[in-house]
Amino acid sequence: MRDKQRLITSTGRRRRHPGLVSTTVINTCLGFGLAFLVLLIASHTIKAVSLADADKEQHLTVSAPLAEREEGNEPQPPIPQHQIYLPMLASNVSFSAVETSPSLSTPQLLAEAVERGEITASERLLYLAYALYEPQSLPPQFQSNIGWYGTAYVWEVQNVMESLNSSSLDAVQQELSRLSVLASTVCDAEDGTNSTDSTNFHFSYGTIGGGLTINDYITSMETTFGIEVTQFGWAKPPFNANNPFGRFPIQIFALGGGLYGYVSGGGGGDYTGFIGDNPNTPATETDALSSCMVLNNDFSQFPEGTQGALVSTTSHEFVHAIQNGYGDPGTREDAMWYES
């Protein structure tokens, strides 16, 4: 009985029997040990699941064509020789492994790829040339339906094409040289199966989609002429000696995704090139260029709506044709022109 009684120390404080203290401590330690064991098992389980998920994600990033080749399925059709896709061959990067944003246009996607080190500056120029002149050759990860105007990029690409070394062994230069021949046929006598003239423009075209007709293009261009030349007083673009129409040449063509249109002023077609002095101005220019315009044949893909996209494109691009006539085609002059 005395062993089970509470004992009082010399200070008057109560304490439990030593045997009872030992039992309590043992029970407490056992409880902590079991809790630690449970946590240890749980942490190992979570780690195993994480590794499995990571392995699963790693397998999911493999592109379908690569997976098919590994499994021994039928090989993919060979890429035509001119579609060299240089950075992809050099780095073994799968098209599907490159993240792209649907909110960016083709030029913006190319600029981001350069910043990330995925392509070089010269490869960017090659892909811009594809987007302008041979859109079916543009790698899929750079294709976009986000709208963009092409004149500034045409100017950039044509400046490089004019300085190409035809005997160069560099693959990019060889491909740009091939595309320069294609670019030189834009706005020439063979464009389109149909042609018609309005008061100030000569139109060459094939099929026209998006619910528009050639009359819609004529109305939009003549309205633009009335505003920018008649009302604003800007000079008409000059024509070169190869232009038999006495009118500004326009080609309506199936352009690549997102491309509204562009003006070609120095390296494309029979109707473009150096003039020197624009006879339509009172001043004497030394760098005036004759130019032509290329418009998309289907504006239904753009968010402004078919008619809205047509009108905004004709008014925007004809300003560049007028700039060429003054010898001011560079991008640095654009801000002054739009402010005026």
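None of these values were measured; they are calculated from a predicted model.

**Q** Describe in detail the packing of aromatic side chains, supporting the description with residues and values.
**A** Within the structure shown, the criterion is met by 15 aromatic pairs. Measuring from centroid to centroid gives 6.2 Å for phenylalanine 201 and phenylalanine 248, while their planes differ by 85°, and the two rings are edge-to-face. Of this pair, phenylalanine 201 sits in strand S4 (residues 201–205) while phenylalanine 248 sits in strand S5 (residues 248–253), placing them 47 residues apart in sequence. Given the relative accessible area of 1%, phenylalanine 248 is considered buried. Three or more aromatic residues joined by ring pairs form one cluster here, namely Tyr149, Tyr217, Tyr260, Phe299 and Phe302.

**Q** Mind laying out the nonpolar core, listing which residues take part and the relevant values?
**A** Residues Tyr127, Leu132, Tyr133, Phe142, Val157, Met161 and Tyr262 are the most contacted members of the largest nonpolar core, which totals 31 residues. Among the elements of the structure, helix H4 (106–115), helix H5 (121–133), helix H6 (151–162), helix H7 (171–183) and strand S9 (292–296) are those that each provide at least two residues to this core. For this core, the element with the highest residue contribution is H5, accounting for nine residues. Grouped together as the second largest cluster of nonpolar side chains are 26 residues, Phe201, Leu295, Phe302 and Ile322 included.

**Q** Go over the pairing of strand S6 (residues 261–264), please, and point to the residues and values.
**A** Residues in a regular strand project their side chains so that they alternate between the two faces of the sheet. Neither face of S6 is left uncovered, since the one carrying Gly261 and Val263 and the one carrying Tyr262 and Ser264 both have all their residues buried. Strand direction decides the pairing type here: S6 and S9, joined by four bridges, are antiparallel. Among the inter-strand pairings, valine 263 is bridged to a residue of S9, identified as methionine 293.

**Q** Talk me through the sheet that holds S9; I want residue IDs and the actual numbers.
**A** Ordered by their spatial adjacency, five strands build an open sheet running S3-S4-S5-S9-S6, and the pairing between neighbours is mixed. Strands at the two margins of the open sheet, each flanked by one partner only, are strand S3 (194–197) and S6. Pairs of neighbouring strands in the sheet enclose a mean axial angle of 20°, with direction left out of account. Strands S4, S5, S6 and S9 of the sheet are contacted by helix H9 (residues 306–326), whose axis makes an angle of about 10° with S6.

**Q** Please give an account of the confidence of the model for the protein chain that cites residues and values.
**A** Looking at the protein chain, pLDDT values average 74 and 64% of them are 70 or higher. Below pLDDT 50 for its whole length, residues 1–100 participates in 59 contacts with residues either more than four positions away or in separate chains. Note that residues 335–340 has pLDDT below 50 and, in this model, 10 contacts with residues that lie over four places away or in other chains.

**Q** How would you explain the pattern of salt bridges if you had to name every residue and give the values?
**A** Within the structure shown, the criterion is met by five salt bridges. Its salt-bridge partner being arginine 116, residue glutamate 112 comes within 3.4 Å of it at the nearest N-O pair. On the basis of relative accessible area, glutamate 112 is assigned to the partly exposed category, the value being 33%. The shortest N-O distance in the salt bridge between glutamate 118 and arginine 116 comes to 2.9 Å. For glutamate 118, a relative accessible area of 32% corresponds to the partly exposed category. One salt-bridge network, held together by shared partners, links Glu112, Arg116 and Glu118.

What counts as what
Residues numbered from 1 in each chain as written. Predicted model: local features only at pLDDT ≥ 70, side-chain atom pairs only at ≥ 80, totals over all residues. Heavy atoms only, no water. Phe/Tyr/Trp six-rings, centres within 6.5 Å; stacked < 30°, edge-to-face > 60°. Helix = DSSP H or I, 4+ residues; strand = E, 2+ residues; numbered from the N terminus. Buried < 20%, exposed > 50% of the residue type's maximum accessible area, 1.4 Å probe, protein only. Core = buried A, V, L, I, M, F, W, Y, C linked by side-chain atoms within 4.5 Å. Pairing = 2+ DSSP bridges. Axes fitted to C-alpha atoms, helices over the stretch in contact; angles between N-to-C directions. Contact = heavy atoms within 4.5 Å. pLDDT = per-residue confidence, 0-100. Salt bridge = Lys/Arg side-chain N within 4 Å of Asp/Glu carboxyl O.

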